[in-house]
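Here is how the chains run, residue by residue.
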Amino acid sequence: MAVRHVEPYTDEWQEQPQGYVRQVVDELGAEVAEWWEGPCEPREVTVLLGDGSALVWDEECGWRRGRFLSGGRAEHTELDEVRYLGGGLLPRPERVPAALSDARLGIGASSAWRPCYRSHRNCRDGFDVALDFYSGLVVK
């Protein structure tokens, strides 16, 4: 099987996190009020939860949870009382709900300190290959 890299800054590259995030949203179920993709640099996705908090994923530090302040498709999301879920950039979708519960309680792998797993400027570091795995699992 050949490794396929997605060309940075194309529509396909910008939409690449959707497959992964859709699986996480499915795992979170009724907790999710809505979700949207934010701007890039870094690529970001916001999942607004029914309790007024939000989960934000970006390609540098993975998932974080906090009280939603502002954000939208054209702007980066701002959170207060942020806790990073831990578990790397792409924890398995079925593990995110438990990590979210831990972050709400301030326990487990969650942390107030921002991890930096990679830089969004490293477009050819192989991260697109990991994201592509999830995009192949989504039926459009």
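Residues numbered from 1 in each chain as written. Predicted model: local features only at pLDDT ≥ 70, side-chain atom pairs only at ≥ 80, totals over all residues. Heavy atoms only, no water.

(A) Fine view of the packing of helix 2 (residues 18-28) against helix 3 (residues 96-105). One can describe the packing of helix 2 onto helix 3 by two numbers: an axis separation of 9 Å at closest approach and a directional angle of 70°. Classified by the angle their axes make, helix 2 and helix 3 are roughly perpendicular. For the pair helix 2 and helix 3, the contacting residues are Tyr20, Val24, Glu27 and Leu28 in the first and Val96, Pro97 and Leu100 in the second. (Axes fitted to C-alpha atoms, helices over the stretch in contact; angles between N-to-C directions. Helix = DSSP H or I, 4+ residues; strand = E, 2+ residues; numbered from the N terminus. Parallel < 35°, antiparallel > 145°, perpendicular 65-115°, else oblique. Contact = heavy atoms within 4.5 Å.)

(B) Structural context of the pairing of strand 5 (residues 75-84). Judged from the six bridges that link them, strand 4 (residues 62-72) and strand 5 form a sheet pairing that is antiparallel. For Phe68, the partnering residue across the bridge sits in strand 5 and is Leu79. Once strand 4 ends, the chain turns through two residues before running back antiparallel as strand 5. (Pairing = 2+ DSSP bridges.)

(C) Structural context of the side chain of Arg118. Assignment of secondary structure puts Arg118 in the loop between helix 3 and helix 4 (127-135). For Arg118, the side chain forms a polar contact with the side chain of Glu59, separated by 2.8 Å. With residues up to four places along the chain from it excluded, the contact list for Arg118 reads Glu59, Glu60, Leu89, Cys123, Asp125 and Phe127. (Polar contact = N/O pair within 3.5 Å; in protein donor to acceptor, adjacent residues only side chain to side chain.)

(D) Quick peek at unusual backbone geometry. Cis geometry is found at the peptide bond from Glu41 to Pro42, where omega equals -5°. Tracing the sequence through the fold places Pro42 in the loop between strand 1 (32-37) and strand 2 (44-49). The backbone phi angle of Glu41 is positive, close to 65°, even though this residue is not glycine. Within the secondary structure, Glu41 sits in the loop between strand 1 and strand 2. Assessed through its relative accessible area of 44%, Glu41 is described here as partly exposed. We note that Glu81 has phi near 55°; this positive angle belongs to a residue other than glycine. Along the chain, Glu81 falls in strand 5. (Buried < 20%, exposed > 50% of the residue type's maximum accessible area, 1.4 Å probe, protein only.)

None of the figures reported here should be taken as evidence of function without further support.
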